[in-house]
There are 2 protein chains.
Amino acid sequence: MASSLRHFAGLCCFPASAAAAAASGTTCLLRRYTPNFCAFAALRPARPASPAAAANPLASPADHEEHPAHQQAVPCRDGDPPALSSAPPPAPAPLRVGIVGFGNFGQFIAGGIQRQGHTVLAASRSDYSAYCADRGIRFFRSVDALCEEQPDVVLICSSILSTEGVVRAIPFHKLRPDTIVADVLSVKQFPRNLLLEILPPSFGIICTHPMFGPESGKHGWSKLPFVYDKVRVMEDGDQVAKCDQFLSIFEQEGCRMVEMSCTEHDRYAAGSQFITHTIGRVLSQLNLKSTPINTKGYESLMQLTQNTVSDSFDLYYGLFMYNVNATEQLDNLERAFERVRQMLYGRLHDLIRKQIVERVHMQTVSLEKLENDRSNSCATHLVSSA
Amino acid sequence: MASSLRHFAGLCCFPASAAAAAASGTTCLLRRYTPNFCAFAALRPARPASPAAAANPLASPADHEEHPAHQQAVPCRDGDPPALSSAPPPAPAPLRVGIVGFGNFGQFIAGGIQRQGHTVLAASRSDYSAYCADRGIRFFRSVDALCEEQPDVVLICSSILSTEGVVRAIPFHKLRPDTIVADVLSVKQFPRNLLLEILPPSFGIICTHPMFGPESGKHGWSKLPFVYDKVRVMEDGDQVAKCDQFLSIFEQEGCRMVEMSCTEHDRYAAGSQFITHTIGRVLSQLNLKSTPINTKGYESLMQLTQNTVSDSFDLYYGLFMYNVNATEQLDNLERAFERVRQMLYGRLHDLIRKQIVERVHMQTVSLEKLENDRSNSCATHLVSSA
């Protein structure tokens, strides 16, 4: 049945092909005469596979079949109501997402956006035109040029340290007044306050933190945490719908969606992610080497160190400087280290002092301590009663 | 064929049943009359399954079948040569291993020794008589009583801190002069020097470190590292054979056998195991909690912390106090932590000083730094040239 409908491709206007159809001048020939054909649409993929999606093994047909909402019959482009009055509500047109900052992470996120059938525009001062051409992404050498295209969502994928400069350089007047601006930084209070301060009041703001990256997400995004805060979404107009549509990209990719305030995020992240990066950074200073006698615990630390230093030091510095809770956590870690040192040296000092000051022989001290320590140790202590 | 031979059980003297046969007064009735029956021995298990081995799923029949050396025809107990002059060399009698210190780790190691068909004797001041009775282990309330049984190997399974007292309390004069003494401590130079100092010169010394325990080895010992150093093994007599037989327990259990000097072990272990335990101890002071936004790295640190504190603090203290390289590693870790703190605060100080002293506005500083930092960051920085 599906294959018998192939010759209608491009004739009936499905949402994902609407823009392409409009661009190529294709009109909806079947619209008035064979309206029922739209009801067959569910049997065909709603969105033509983008070059990137076709090349990407993550975008399997099974993925698409999980999202029947995208495959419903919809009104044609000129706004006519659907032919069947009982048909489900129309699926929204795909989003046009303008990524500002197209480094590793921007490129990585673009993959998911494309897999979900949306259009990606990208701007970078570096030249990614060849990379983008291969993947069906429109590339712009300036943010100004990208903004002239008036994307639905501007997604800031710059580093933490560059974000203020990047956001201040966006020509907001060129964008539509209901544009949504989103970010993907590993800190959240900073971009939230920055965007609230700088953006025109009618702009929507979604602060997000995809807690994965090109390495941890290379086999798919399933179950990986995606934190978001709908900081400002206007009830009137279609900002609510577009916001949901944007978030559904990550939901459909299988992410574990965690709605959380930016403040709460930064408190949790300082106690977990920042601590983890700090341990990795500290260990990287030790130049840990694999030994013939690695324990499993040591191997997990070597792996952690490798993962940490594969991120830039700027990211780590950003986690520290742009999270108000990081200093407290660094201090906690320093105190914890000092306490452990004290426990070791304090006990050593007790032992030596007993020998030097109290003139107790080493062996006697050991035996005496044995008795005291016995209950703390899981191994059985066997000391002759003699 | 195997079952048809069952009625000969206990008549022909196989090595594993020799001691039992001697104890029960059974003599070798078939010895002089039907010598060829010994050649059938390979068809029957050489060692009767111990109660523990029978109950333990790790001791599958397949395990035993992998070790045909244990199933060869052997001379009968009184030392007669084997009936067939072309038969392979006789398999050694099973070892009698006396474990001194029968806490968690001693019990854990006893399981492997029994699975390999050897006899376990155990001594502890705590009462493990019921535990031992269930598992076919002879239990002694004192090391003296155990030593009167003259085991082939005395295996010290005490904690690091109690080992000196335990070793000094062993009545060496009750043991045979070719006894082998082995230990399983997580530090190696200390027991090596202690045993060399205290043991009678004819005693064999094997220092070992099974780098796993009841938790990491609960599903079997396959591929887990077992470090050993044959510190002193006499060439004459059967110490060499008994040493090899003892080590073969761990080899047959599937351990990755690592022969290494005690000095080398302690150098590697301070840089890996002690560092790992220190990180776990430091993090345990922070009371890490699971958050809704755990990263994989953070989860690995939580796991490490949990594993570390499941060991006693005495073990950690032992790794520190009884390894000559530990202080250096603790100092290295402290310096590494200080360097990372310096990198963070130093950069922060630069930024603030620029504002306060040089009167440069925050945003300008950020943009200027952006330019400098650009090459260090993997994300593309998009700063307007304006």
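Residues numbered from 1 in each chain as written. Chains lettered and ligands numbered in written order. Predicted model: local features only at pLDDT ≥ 70, side-chain atom pairs only at ≥ 80, totals over all residues. Heavy atoms only, no water.

A. Just helix α11 (residues 296-310) of chain A, in detail. Over its 15 residues, α11(A) extends 21 Å from the first C-alpha to the last, a length consistent with the 21 Å expected when each residue adds 1.5 Å. Taken together, the buried positions of α11(A) are Tyr298(A), Leu301(A), Met302(A), Leu304(A), Thr305(A) and Thr308(A). The buried residues of α11(A) occupy an angular sector of 160° when projected down its axis, which confines them to one face. Residues of α11(A) that are exposed and angled more than 90 degrees away from the buried face: Lys296(A), Gln306(A) and Ser310(A). On the buried face of α11(A), the contacting elements are α10 (262-285) of chain A together with α10 (262-285) and α11 (296-310) of chain B. (Helix = DSSP H or I, 4+ residues; strand = E, 2+ residues; numbered from the N terminus. Expected span 1.5 Å × (residues − 1). Buried < 20%, exposed > 50% of the residue type's maximum accessible area, 1.4 Å probe, protein only. Arc of directions from axis to C-beta. Contact = heavy atoms within 4.5 Å.)

B. Looking closely at the sheet that holds strand β5 (residues 180-183) of chain B. Residue and element names in this part refer to chain B. Read across the sheet, eight strands follow the order β3-β2-β1-β4-β5-β6-β7-β8 without closing on themselves; strand pairing throughout is mixed. A strand with exactly one partner marks an edge of an open sheet, and here the two such strands are β3 (138-140) and β8 (256-259). This sheet shows a mean twist of 25° between the axes of neighbouring strands, independent of strand direction. Across five bridges, the pairing between strand β1 (residues 96-100) and strand β2 (residues 119-123) is parallel. Looking at β2, one finds that Val97 is bridged to Val120. Its contacts with the sheet place helix α4 (residues 104-115) against β1, β2, β4 (153-156) and β6 (204-210), and it is angled at close to 170° to β1. (Pairing = 2+ DSSP bridges. Axes fitted to C-alpha atoms, helices over the stretch in contact; angles between N-to-C directions.)

C. Quick look at the relation of the copies chain A and chain B. Superposition record for chain A on chain B: RMSD 0.1 Å, screw rotation 180°, translation along axis 0.0 Å. Those values place the two copies in the arrangement expected of a two-fold rotation axis. Minimal C-alpha distance to the rotation axis in chain A is attained by Ser300(A), lying at 3.4 Å. (Least-squares fit on C-alpha atoms with pLDDT ≥ 70 in both.)

D. The nonpolar core, seen in detail. Ranked by internal contacts, the top residues of the largest apolar core, which has 97 residues, are Ile279(A), Leu283(A), Ile279(B) and Leu283(B). Beyond its immediate chain neighbours, meaning those up to four positions away, Ile279(A) contacts Leu304(A), Leu333(A), Ile279(B), Leu283(B) and Leu301(B). Phe105(B), Cys157(B), Ile206(B) and Cys255(B) belong to the second-largest nonpolar core, a separate cluster that totals 33 residues. (Core = buried A, V, L, I, M, F, W, Y, C linked by side-chain atoms within 4.5 Å.)

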